[in-house]
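# Structural characterization, general
Here are the chains, one letter per residue:
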Amino acid sequence: MARHRVRDRAARHQARRRGHRRRGGLAAAYRRGHPGVRTGGGGLPRLRPARRGRGLRPGHRPHRRRPGQGRGGPDRFHPLRRGRPGAAGHRERGRQGAADLLFARGRRGPAGRVDGEVRDQLANAPPAGLLTGLTGSAGANDDLLDAFGGMDITLVLVTAGVVALLLLFTYRSPVLWLIPLICVGVASQVASAVVYLLARHAGLTVDFQGQSVLTVLVFGVGVDYALLLIARYREELRRHRDRHQAMAVALRRSFPAILASAATVAIGLLCLLAAELNSTRSLGPVGAIGIAAAFLVMTLLLPAVLVLFGRWLFWPFVPRYSPHAVGHDVAEDHRMWGRVAAFVGRRPRAIWMGTAVALAALTLGIGNLSMGLPANETFTKEVGSVIGQRLITQHFAEGSASPAEITARADAADAVASAVRGVEGVASVQEPQRSPDGQWAMVRAVLAAEPDSSAAKDTVERMRDVVHAVPGAEALVGGETAIQLDTEVAAQRDERVVIPLILAAVFLILVLLLRALVAPVVLIASVVLSYAAAMGAAAFVLDAMGYTKLFSGLPLQTFLFLVALGVDYTIFLMTRAREEVGQLGHKRGVLHALTVTGGVITSAGLVLAATFAALTILPLVPSVQTGVIIAAGVLLDTFVIRSLLIPALAVHLGKKIWWPSRPVREAAAKAQAPTFLSRV
């Protein structure tokens, strides 16, 4: 007997070691539960529905009794009935006695995981014919940690692979693509390290969504900056014998546009600090750190590496110095975009009106979306907590997995419990449980509806009205349903406050950059239209995937990225257009800017869209939705907004778009300067 106990303890210890094996990097912070890193609260209820019988779902294999195992039901199996130290809970019998629901509140493992002993017994020890499931908030948190096990590395590899393929296609060089990829990898590690340190020592709140967005944001934006800088550097290599001088000119011409772009995105992200929802507010500093890391690495490390290795990096298309390249108009090297510019210049009014109507038509797809993502639809695959909730629904009140928790003064607890029993939508109310000091009490109320349903949230609101009316109770209603309700309220408040703040910040940056008022208004209107069209276009894709119910904070987060990143590319176009207009006149200058920036900005847009699309490999529905919406928005902005709508509007409005300033026409001789023709 003693030997069996030793082997059992050793097996449980090995299982816990396998489940809690540490990984390095930022992801380790989530699994180790460092201060400031959100992984779920401790002491959350664990619910173990146990069903006698066969078959829970198609393909489900019930646990079979192994030789030597005793017979018995949940009483023998459940650790509470075996007197496990530190556990406390109760048991409910289901309808017709077909199932038992066991409530437990006990120890938590690293990063908020369920105690390893409980998980091991659920997986290995059930008697014959007993189906079990770990559900409730603790079970859902455990499923989340399991689902993301190793996904941080997978996301980095997929993102890097997509970027590598696009860089190979762009440069057609077996060597050059490695340089920006290595540099952006360095930027990603720097950003992750800074976020990790702030999460551990400064109380920065980080979640899985923020970690995933940080990875794809750094890769996407960093490669964009690399594409712009390398494009200038390649042009200048044809005009300068000395590659050091060529890089100095390229960096001087591209740095202002890259700086303006990084500042716009970073300031827009920091506007999220005004949000109340933690998952939204934390995304602000996390994203801003990623942008800063990408900017510094791509303007400091990348130029040094390119100059260090020399021209041969571009092999087999090595840019050689040629005296004929001095004064050469680079627009002649972009014939396809020259044809696009000529098309826009012929009928600008018809083009901008036609594209605006097409984008407005896409917004009709928003009708396919709805707000509020149920907990049982959070994962892209079926997990144990969802299976357990389904089993509970079959045999118990639908809200049994997540009862409402009312805290009140101990002397008013009975009155609170009596008041809650009379609330419509409450299935049952437990007796009050006093705190150790005897001053407070908790009353648990099981809701008749599913915890994340609209009916359950309405019941919570009625409960709050009732308990607040009990004199001297100081009662508060909590629980999973109440948390979801408060989350939706906070998300709606954040949208009303943060969206105008983002638009105001971006507008001021555009005013300072372009020294105009009309152009910023036009650009802000275009990115808002682009966001609405992206939501509509993504809705058709999400409808086909079956993910049309949006997480509460998702519209605000995707709005920020699409507005900031959309303006990002527009800045590259309009800063170049303003310079060209000063030398070539308004119409010719705008079309020339479209011609010379079209190729590199389109490549940058494809890279950014592809990196955000990599989020769709994650097992969480909000991550998939984020990837689809942002990828759709970036593609629309790249191929429709920036290529057709804005140039056509600029040509149609004429010089009024620069009001109240006016681009200064420079001397004709200066227009021939080679450095001017390499600007973006």
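Refer to the preceding data block for the structure.
A brief look at the structure comes next. This is a predicted model, so every value here is computed, not measured.

### Details of the overall build of the protein chain
- Along its length, the protein chain carries 23 helices and eleven strands.
- Out of the 680 residues in the protein chain, the part that is buried amounts to 56%.
- Contacts in the protein chain between residues far apart in sequence, at least 24 positions, make up 80% of those at least 6 positions apart.
- Summing over all exposed atoms, the protein chain offers an accessible surface of approximately 28400 Å²; the carbon and sulfur share of this is 59%.

### Regarding the packing of aromatic side chains
- Overall, the coordinates contain six aromatic pairs when judged by the stated rule.
- Both rings, one in Tyr531 and one in Phe559, keep their centres 5.0 Å apart while their planes meet at 90°; by these two values the pair is edge-to-face. Within this pair, whereas Tyr531 is found in helix α18 (residues 518–545), its partner Phe559 is found in helix α19 (residues 554–584), the two being separated by 28 residues in sequence. Each member of the pair Tyr531 and Phe559 is classed as buried.
- Here the basic side chain of Arg172 rests over the ring of Phe317, its NZ or CZ set 4.9 Å away from the ring centre.
- Above the plane of the ring of Trp337 lies Arg642, whose end atom (NZ or CZ) is 5.4 Å from the centre.

### Side note on the side chain of Thr487
- Among the structural elements, Thr487 can be located in helix α17 (residues 480–514).
- In this structure the side chain of Thr487 is engaged in a polar contact, spanning 2.7 Å, whose partner is the backbone oxygen of Ile483.
- Aside from chain neighbours lying at most four places away, what touches Thr487 is Leu277 and Ser552.

### Overview of a nonpolar patch on the surface
- The grouping of Leu178, Ile182, Val186, Val190, Val194, Leu198 and Leu301 at the surface amounts to a nonpolar patch, some 490 Å² of accessible area in total.
- The element contributing the most residues to the nonpolar patch is helix α7 (residues 178–201), with six residues.
- Checked against the element boundaries, Val186 lands in helix α7.

About the cut-offs
- Residues numbered from 1 in each chain as written.
- Predicted model: local features only at pLDDT ≥ 70, side-chain atom pairs only at ≥ 80, totals over all residues.
- Heavy atoms only, no water.
- Helix = DSSP H or I, 4+ residues; strand = E, 2+ residues; numbered from the N terminus.
- Buried < 20%, exposed > 50% of the residue type's maximum accessible area, 1.4 Å probe, protein only.
- Contact = heavy atoms within 4.5 Å.
- Areas by Shrake-Rupley, 256 points an atom, 1.4 Å probe, with all protein chains shown as cover.
- Phe/Tyr/Trp six-rings, centres within 6.5 Å; stacked < 30°, edge-to-face > 60°.
- Lys NZ or Arg CZ within 6 Å of the ring centre and 35° of its normal.
- Polar contact = N/O pair within 3.5 Å; in protein donor to acceptor, adjacent residues only side chain to side chain.
- Patch = residues over 30% accessible without salt bridge, like charges linked within 9 Å, V, L, I, M, F, W, Y side chains within 5 Å.
- Salt bridge = Lys/Arg side-chain N within 4 Å of Asp/Glu carboxyl O.

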